[in-house]
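Structure at a glance
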Amino acid sequence: MLPGGQGSTGGGCGSGLCLLRWLGLRLWSRRGTLVFALLWFGSWLFLNGLVLVHRSILSDYCTDDKSKRILQRLCTDFGEGSVSGDMCEDLCARGLVEYKRCLYYENGKKVIEARWRGNPIILKSKLENFSSYEPLGILDYQDAGEELSALDVVFYATLEVRNSLGLAEDDEEEEGGGSNSSLSRLWGKKLEIRERSYSRAELGSLWSLLQQEEYTFLRVLQDLSPHVAKVLGTCGHFYAVEYLSAGHAWDQNLFSMDEVVVPRMQDHNQAGASGRWTTRQKVHQIALSFLNMVWHFDNDFTHKLHLCDIKPENFAIRKDLTVVAIDVDMAFFEPKMRDILEQNCSSDEDCTFFDCSSRCDLVRRRCSPHRRNTNLQVICEKIFRPWFSPTLLGAKAGLPLQVELQRAVQDCSETDGGADKAEDDGGGGRRVHQRLLDVLKALLQEEAGFDERKWTKEEMEHVHTALNF
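Basis of the calculations
Residues numbered from 1 in each chain as written. Predicted model: local features only at pLDDT ≥ 70, side-chain atom pairs only at ≥ 80, totals over all residues. Heavy atoms only, no water. Helix = DSSP H or I, 4+ residues; strand = E, 2+ residues; numbered from the N terminus. Buried < 20%, exposed > 50% of the residue type's maximum accessible area, 1.4 Å probe, protein only. Contact = heavy atoms within 4.5 Å. Disulfide = S-S within 2.5 Å. Axes fitted to C-alpha atoms, helices over the stretch in contact; angles between N-to-C directions. Parallel < 35°, antiparallel > 145°, perpendicular 65-115°, else oblique. Left-handed = near helix turned anticlockwise from the far one by under 90°. Pairing = 2+ DSSP bridges. pLDDT = per-residue confidence, 0-100. Nonpolar A, V, L, I, M, F, W, Y, C, P; charged D, E, K, R; others polar. Polar contact = N/O pair within 3.5 Å; in protein donor to acceptor, adjacent residues only side chain to side chain.

Turning to the environment of Cys-356, a few remarks are in order. Considering the arrangement of structural elements, one finds Cys-356 in strand S11 (residues 356-357). Residue Cys-356 is classed as buried on the basis of its relative accessible area of 0%. Placed 16 residues apart in sequence, Cys-356 and Ile-340 show a C-alpha to C-alpha distance of 9.7 Å. Once you skip the residues sitting within four places of it in the chain, Cys-356 turns out to touch His-306, Leu-307, Cys-308, Met-337, Leu-341, Cys-351, Arg-371 and Asn-373.

Listed below in structure tokens is the structure:
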């Protein structure tokens, strides 16, 4: 046989075939190495990304340990004389502020539940550390023992308040329909009450608080409106507000009514009268408080106050069913609202800022500075509609006043009520507001009369049974 023939190779292979197998093996080996390298590199990227995401999540996670460390740093600053406040002694020295739990932490904003002298409070700060706030620049030009006069503090604080609220000095003299005096002047009057000068710790603490828009809003408005949470005290950059249970979208009634007390009903039938309020009566009373809040924010300040983030979680109720705005990070007076809305646009969709919207001028390619919708319109859409839907009302949904209320809420949520529209229709928003007010009051009167008749009947039956005993 010829060398290399089939007979002489037995189980081997021809030279050509062996060469192809060898080349295939080398190609597979290189390809496998490349695939392995790519898999290794991809795994490395995935694991590192996972670690970064995990660290980011943990850094913004609301933990008790981190919250306590933040408060401990605050007390350290107080001990070193860097910060001041009317609750610092109770928090850091006397132990009269009891930590309960962390409620919220994101991008440095801290919200903590605590008890101060036995009363529940909420501690808040936009940034977790006092050093994160801009210092008052004028302090850099003062000697260590030198103090600013009360008049100087009024001047600088008024400028900061005006800047925070978006109110220029000229704006406060313009027509706004408000019956209250200038907000920044009101703040100045609060500071003028004090006669002695301010220490550097007091000034630094005040300045850190004034850089938090929500604090400024609450502190200025709490003496002007029952519909904002009250500031109870401060320590450094943290401020304490009254504890109120926020609403929840998943709750059928939106608000917890376990501790509700209605004092004005106790005169109607002295013993236990407040306990005979039905849930629907309480809901209707809360709705009336919403309407009062809307009217108040629209008409009783120098400028309209716009709420751009309306949802149950941003409101609460007091025990007397008064509605309270507890998160006003997205609340703006008219001048600042105009600055926010007046942006470049190509359609109306570009002119929406959360719950506040305007129209796009396609010629100018600019959003109108005037808000198209209103606080009342958004409240009707996001608060009243779920409350007064036929699904929740059940058999009562067909009653005449309930049908009228549903129609009024629908008209309210579908009617544009911005500045331009209000001028054209001669106050259409006011008519919608009055219509809702009338229907809700009629419902309360109807329900009160029904409950009075029911209560009288039960009393008579109880007396009759006792006499037969």
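We now examine the state of the cysteines. Scanning all chains against the criterion turns up seven disulfides. The disulfide partner of Cys-62 is Cys-102, and the S-S distance across this bridge is 1.6 Å. With the S-S bond torsion at -100°, the cross-link from Cys-62 to Cys-102 turns out left-handed. A residue pair is termed long-range when its members are at least 10 positions apart, and Cys-62 in the loop between helix H2 (15-59) and helix H3 (64-79) and Cys-102 in strand S1 (residues 97-106) qualify at 40 residues. With relative accessibility at 12%, the residue Cys-102 sits in the buried group. Between Cys-88 and Cys-235 runs a disulfide, and the two sulfur atoms are separated by 2.1 Å. Handedness of the Cys-88-Cys-235 disulfide follows from its S-S torsion of about 110°: it is right-handed. Taken as a pair, Cys-88 in helix H4 (residues 88-92) and Cys-235 in strand S4 (residues 231-235) lie far apart in primary sequence, 147 residues in all. Each member of the pair, Cys-88 as well as Cys-235, carries the same accessibility label: buried.

What follows concerns unusual backbone geometry. Positive phi is not limited to glycine here, since Asn-107 has a value of about 55°. Inspection of the secondary structure assignment puts Asn-107 in the loop between S1 and strand S2 (109-116). For Asn-107, a relative accessible area of 60% puts it in the exposed group. Not every positive phi belongs to a glycine, and Leu-254 is a case in point at roughly 70°. Assessed through its relative accessible area of 4%, Leu-254 is described here as buried.

Let's shift gears to the packing of helix H5 (residues 150-165) against helix H7 (residues 200-210). Two elements in contact, H5 and H7, have axes separated by 10 Å at closest approach and are oriented at 15°. Here H5 lies roughly parallel to H7, going by the angle between them. Considering the relative orientation of H5 and H7, their crossing is right-handed. Contact residues: Val-153, Tyr-156, Ala-157, Glu-160, Val-161 and Ser-164 in H5; Leu-203, Leu-206, Trp-207 and Leu-210 in H7.

Before going further, it helps to examine the sheet that holds S2. Taken together, five strands build an open sheet; the order of strands is S1-S2-S3-S5-S4 and the sheet is antiparallel. The open sheet has two edge strands with one neighbour each: S1 and S4. Neighbouring strand axes in the sheet, compared pairwise and without regard to direction, differ in orientation by 25° on average. Pairing analysis gives four bridges linking strand S3 (residues 119-125) to strand S5 (residues 238-242), with the strands arranged antiparallel.

Right, let's talk about the confidence of the model for the protein for a bit. Of the residues in the protein, 70% have a pLDDT of 70 or more, and the chain-wide mean is 80. When the criterion is pLDDT under 50, residues 1-11 qualifies, and its contacts beyond four places in sequence or with other chains add up to five contacts.

It is worth spelling out H7 at this point. Most of H7 is tucked away: 10 of the 11 residues are buried. Regarding H7, the residues found buried are Ala-201, Glu-202, Leu-203, Gly-204, Ser-205, Leu-206, Trp-207, Ser-208, Leu-209 and Leu-210.

Viewed as axis vectors pointing N to C, helix H9 (residues 279-299) and helix H11 (residues 375-387) meet at an angle of 170°, and their least axial separation amounts to 11 Å. Viewed along their axes, H9 and H11 adopt a mutual orientation that is roughly antiparallel. Of H11, the residues touching H9 (which contributes Arg-280, Val-283, Ile-286, Ala-287, Phe-290, Leu-291, Met-293, Val-294, Phe-297 and Asp-298) are Asn-375, Leu-376, Ile-379, Ile-383, Phe-384 and Trp-387. The residue makeup of the contact of H9 with H11, split by class, is 13 nonpolar, one polar and two charged.

With that settled, consider the environment of Asn-299. When you line up the elements, Asn-299 lands in helix H9. A polar contact is formed between the side chain of Asn-299 and the side chain of Arg-430, at a distance of 3.4 Å.

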